[in-house]
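Read off the chains here:
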Amino acid sequence: SQTIHQWPATLVQPVGSPLSLECTVEGTSNPNLYWYRQAAGRGLQLLFYSVGIGQISSEVPQNLSASRPQDRQFILSSKKLLLSDSGFYLCAWSPRQEQFFGPGTRLTVL
Amino acid sequence: GQQLNQSPQSMFIQEGEDVSMNCTSSSIFNTWLWYKQEPGEGPVLLIALYKAGELTSNGRLTAQFGITRKDSFLNISASIPSDVGIYFCAGSGKLPLVFGKGTRLSVIA
């Protein structure tokens, strides 16, 4: 069966520091991969998605970037965090139309 | 771009009551999905609908794919405290999925 992992689970970072969040999927090949951000009590904001290695589509202009160095690995990065980057970051994978979400990373920027 | 209107935004109900929420769109979708998110966790897929008019149940949950392909509803019967969470609808017409803004459900015991 397929599983999706995210780490770290929680992260507290100072403003201006770099960021690297990792997402990996097991038990499938060539999945579509997604990064979402969710502000407290709010909906899901799609940040990036990828249909293959090295293929990244950005949905929202921001100081974040994404990379897919391997088939089942998706990384979300920033060179300098802003206060507004705080939130709950969710990775998801999909074989077809359905998306399956990871457990999320809670990021607090101070 | 494609947008989904999900209503209501929030609901406070008594335990044992039935719940109904819906999503509408100006665009046609090929697939409708319903998710539940509990605090501090990722959304979990509850029901997937693939054909216009399709009615699907999952325990106390029932969802329907509107015949016009522009809407879907989710019903929860005989609510219990563990039904608390945020319910999201999502529509698939092309990559990526379009999500509604969610319905926050609170159940009063």
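All values derive from a computational prediction rather than experimental measurement.

## Structural notes on the state of the cysteines
Among covalent bonds in proteins, the disulfide is the one between the sulfur atoms of two cysteines.
And then number 1: The full count for this structure, using the stated rule, is 2 disulfides over all chains.
And then number 2: The disulfide bridge from Cys23 of chain A ends at Cys91 of chain A, spanning 2.0 Å between sulfur atoms. The disulfide joining Cys23 of chain A to Cys91 of chain A has a torsion of about -75° about its S-S bond and is therefore left-handed. On the criterion of sequence distance, the pair formed by Cys23 of chain A in strand 3 (residues 19–26) and Cys91 of chain A in strand 9 (residues 87–94) is long-range, its members being 68 residues apart.
And then number 3: With a relative accessible area of 1%, Cys23 of chain A lands in the buried category.
And then number 4: Between the sulfur atoms of Cys23 of chain B and its disulfide partner Cys89 of chain B the distance amounts to 1.7 Å. The chirality of the disulfide connecting Cys23 of chain B with Cys89 of chain B is left-handed, given an S-S dihedral of about -85°.

## A look at the sheet that holds strand 1 (residues 3–7) of chain A
Residue and element names in this part refer to chain A.
And then number 1: If you walk across this open sheet you meet the 4 strands as 1-3-8-7, and the pairing is antiparallel. Edge positions in the sheet fall to strand 1 and strand 7 (64–70), since each of these pairs with one other strand and no more. Going from strand to strand, the sheet's axes swing by 20° on average, the running direction of each strand aside.
And then number 2: In this sheet, strand 3 lies alongside strand 1 in antiparallel orientation, the contact comprising 5 bridges. Across the sheet, the residue bridging to Trp7 is Glu22, located in strand 3.

## Some words on the interface of chain A and chain B
And then number 1: Taken together, the contact pairs 21 residues of chain A with 19 residues of chain B.
And then number 2: Interface area, chain A with chain B, both sides summed: about 1,500 Å², of which 63% is carbon and sulfur.
And then number 3: One can count 0 salt bridges joining chain A with chain B.
And then number 4: At the boundary of chain A and chain B, one finds 4 residue pairs in polar contact (both at pLDDT 80 or more).
And then number 5: Among the secondary structure elements, those contributing two or more residues to the side of chain A that touches chain B are strand 4 (32–38), strand 5 (45–52), strand 9 and strand 10 (100–101) of chain A.
And then number 6: At 4 residues, strand 4 of chain A tops the list of elements feeding residues into the side of chain A that touches chain B.
And then number 7: Of the residues that constitute the side of chain A that touches chain B, the class distribution is 11 nonpolar, 7 polar and 3 charged.

Cut-offs used in this document
- Residues numbered from 1 in each chain as written.
- Chains lettered and ligands numbered in written order.
- Predicted model: local features only at pLDDT ≥ 70, side-chain atom pairs only at ≥ 80, totals over all residues.
- Heavy atoms only, no water.
- Disulfide = S-S within 2.5 Å.
- Helix = DSSP H or I, 4+ residues; strand = E, 2+ residues; numbered from the N terminus.
- Buried < 20%, exposed > 50% of the residue type's maximum accessible area, 1.4 Å probe, protein only.
- Pairing = 2+ DSSP bridges.
- Axes fitted to C-alpha atoms, helices over the stretch in contact; angles between N-to-C directions.
- Contact = heavy atoms within 4.5 Å.
- Buried area = accessible area lost by both parts, 1.4 Å probe.
- Salt bridge = Lys/Arg side-chain N within 4 Å of Asp/Glu carboxyl O.
- Polar contact = N/O pair within 3.5 Å; in protein donor to acceptor, adjacent residues only side chain to side chain.
- Nonpolar A, V, L, I, M, F, W, Y, C, P; charged D, E, K, R; others polar.

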